[in-house]
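# Structure at a glance
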Amino acid sequence: MKFTTEQILDLYREQAAKHGDGGTSTIQDIRTRVLEIEALAAHLSDGEKVLEVGCGNGFVAEELVKLFSIDLDAFDFSPDMIEIAQKRKIENAKGHVSYAVNDVLKLDADGLYDTVLSERCIQNLVSWDDQKVALENIVRALKPGGQYVMLESFWTGLNNLNEARGELDLEEIPESWHNLFFDEDKTIAEMERLGCSYVDQNPFLSGYYFGSRVLLPALMPKGKKVTSNSRLNDYFSALPPAGDFCPMKIVRFRKN
Ligand SMILES: C[S@@+](CC[C@H](N)C(=O)[O-])C[C@H]1O[C@@H](n2cnc3c(N)ncnc32)[C@H](O)[C@@H]1O
């Protein structure tokens, strides 16, 4: 096994202590966070009952209930993260969110939700077998016709990114130690086996990653460090999502 559940819990205990209720918790690149929220919001509508799986410190859930009059259940298996989420004082919300500790591997909801979201959570499970259990539980939680908005990391984007970097003699970016990225074809086949149809995908970070992870390091004068808070990233993060150059993207499924 590449990593253990205990290591994951330790990682998010540290993240909780370091970032509190901030948007940089679990993702230090704040432009990625902003683009993630915009992309998720494009798939929500007022009046929906929504589940967010692996909500971390609840930052995204707070933003979503400010944007939509949705009834949102958000859970995470890190008690440290949920303690922070439950202390949020959310003002000017159109919708309602409740935060709870739960494990997606034990999720026991049946036909309750119009939309289930996950944001870099199922990639944290320790094996494909566990990931399949999580996908099955998510599908069970959906109403017939409900959608799963899967914002997770896929190999296609990382491979394309590394191929582009290789052409410019930049070293490969590895899959991070605490993640098991998804094989797109295998994931779609599994979701179809579970009674879902593939809807579409949105490689919303592709332009930004091509700029910030390929062009920026190639352009940077020798010896100068590339950081995600570079001013050039203001431009790259505004690029349209051409190609498939970021592991993280949204893949959507609908329960039949
Ligand atoms: C990369 S973080 C993302 C958190 C949040 N979605 C965000 O955008 O900040 C992954 C989250 O998944 C949670 N997680 C990992 N395994 C889980 C499980 N089995 N059930 C529920 N949550 C889990 C972790 O505790 C962590 O908060």
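None of the values given here were measured: they were computed from a predicted structure. (Residues numbered from 1 in each chain as written. Predicted model: local features only at pLDDT ≥ 70, side-chain atom pairs only at ≥ 80, totals over all residues. Heavy atoms only, no water.)

## Comments concerning the pattern of salt bridges
- Throughout the structure, instances matching the rule amount to 20 salt bridges.
- E36 is paired through a salt bridge with R120; the nearest N and O atoms lie 2.7 Å apart. With E36 in helix α2 (residues 30-41) and R120 in the loop between β4 (113-119) and α5 (128-141), this pair connects stretches of sequence that are 84 residues apart. For the pair E36 and R120, one class covers both residues: buried.
- Two residues, D200 and R252, come together in a salt bridge whose shortest N-O distance is 2.9 Å. Within this pair, whereas D200 is found in strand β6 (residues 196-202), its partner R252 is found in strand β7 (residues 248-255), the two being separated by 52 residues in sequence. (Salt bridge = Lys/Arg side-chain N within 4 Å of Asp/Glu carboxyl O. Helix = DSSP H or I, 4+ residues; strand = E, 2+ residues; numbered from the N terminus. Buried < 20%, exposed > 50% of the residue type's maximum accessible area, 1.4 Å probe, protein only.)

## Observations regarding the UniProt feature "domain: Methyltransferase" (unreviewed entry) in the chain
- As annotated by UniProt and renumbered to match this structure, "domain: Methyltransferase" (unreviewed entry) occupies residues 50-146.
- With 32% helix and 29% strand, residues 50-146 has end C-alpha atoms that lie 10 Å from one another. (UniProt positions renumbered as here; feature names shortened; annotations may be inferred.)

## Observations concerning the site of the ligand
- Taken together, 19 residues form the shell around the ligand, and within it R33, G54, D76, D103 and V104 come nearest.
- Contact between the ligand and G54: a nitrogen atom at 2.8 Å from a main-chain N or O atom of the residue.
- Here a nitrogen atom of the ligand sits 2.8 Å away from a polar atom, N or O, in the side chain of D103.
- Within the complex, 98% of the 580 Å² of free accessible area of the ligand lies under protein.
- Of the residues belonging to the shell around the ligand, the class tally is seven nonpolar, seven polar and five charged. (Near = heavy atom within 4 Å. Polar contact = N/O pair within 3.5 Å; in protein donor to acceptor, adjacent residues only side chain to side chain. Areas by Shrake-Rupley, 256 points an atom, 1.4 Å probe, with all protein chains shown as cover. Nonpolar A, V, L, I, M, F, W, Y, C, P; charged D, E, K, R; others polar.)

## Remarks on α5
- When the terminal C-alpha atoms of α5 are compared, their 20 Å separation across 14 residues agrees well with the 20 Å that a helix rising 1.5 Å per residue should span.
- Among all positions in α5, only Q131, A134, L135, N137, I138, V139 and A141 are buried.
- For α5, the elements touching its buried residues are β1 (49-53), β4, β5 (142-153), α7 (184-193), β6 and β7. (Expected span 1.5 Å × (residues − 1). Contact = heavy atoms within 4.5 Å.)

## So, the side chain of S25
- With respect to the element layout, S25 can be found in the loop between α1 (5-19) and α2.
- Apart from the residues lying within four places of it in its own chain, the contact partners of S25 are Q15, H19, G20, R33, N57 and M81.

## Some words on unusual backbone geometry
- Within the chain, N92 stands out as a residue other than glycine whose phi angle is a positive 60 degrees.
- Assignment of secondary structure puts N92 in the loop between α4 (79-86) and β3 (96-101).
- Even without being a glycine, R120 presents a positive backbone phi close to 55 degrees.

## Description of the packing of α5 against α7
- Viewed as axis vectors pointing N to C, α5 and α7 meet at an angle of 45 degrees, and their least axial separation amounts to 10 Å. Comparing the axis directions of α5 and α7 gives the class oblique. Of the two elements, α5 crosses α7, and the hand of that crossing is right-handed. Across from W128, K132, L135 and V139 in α5, the residues of α7 making contact are K186, T187, E190 and M191. (Axes fitted to C-alpha atoms, helices over the stretch in contact; angles between N-to-C directions. Parallel < 35°, antiparallel > 145°, perpendicular 65-115°, else oblique. Left-handed = near helix turned anticlockwise from the far one by under 90°.)

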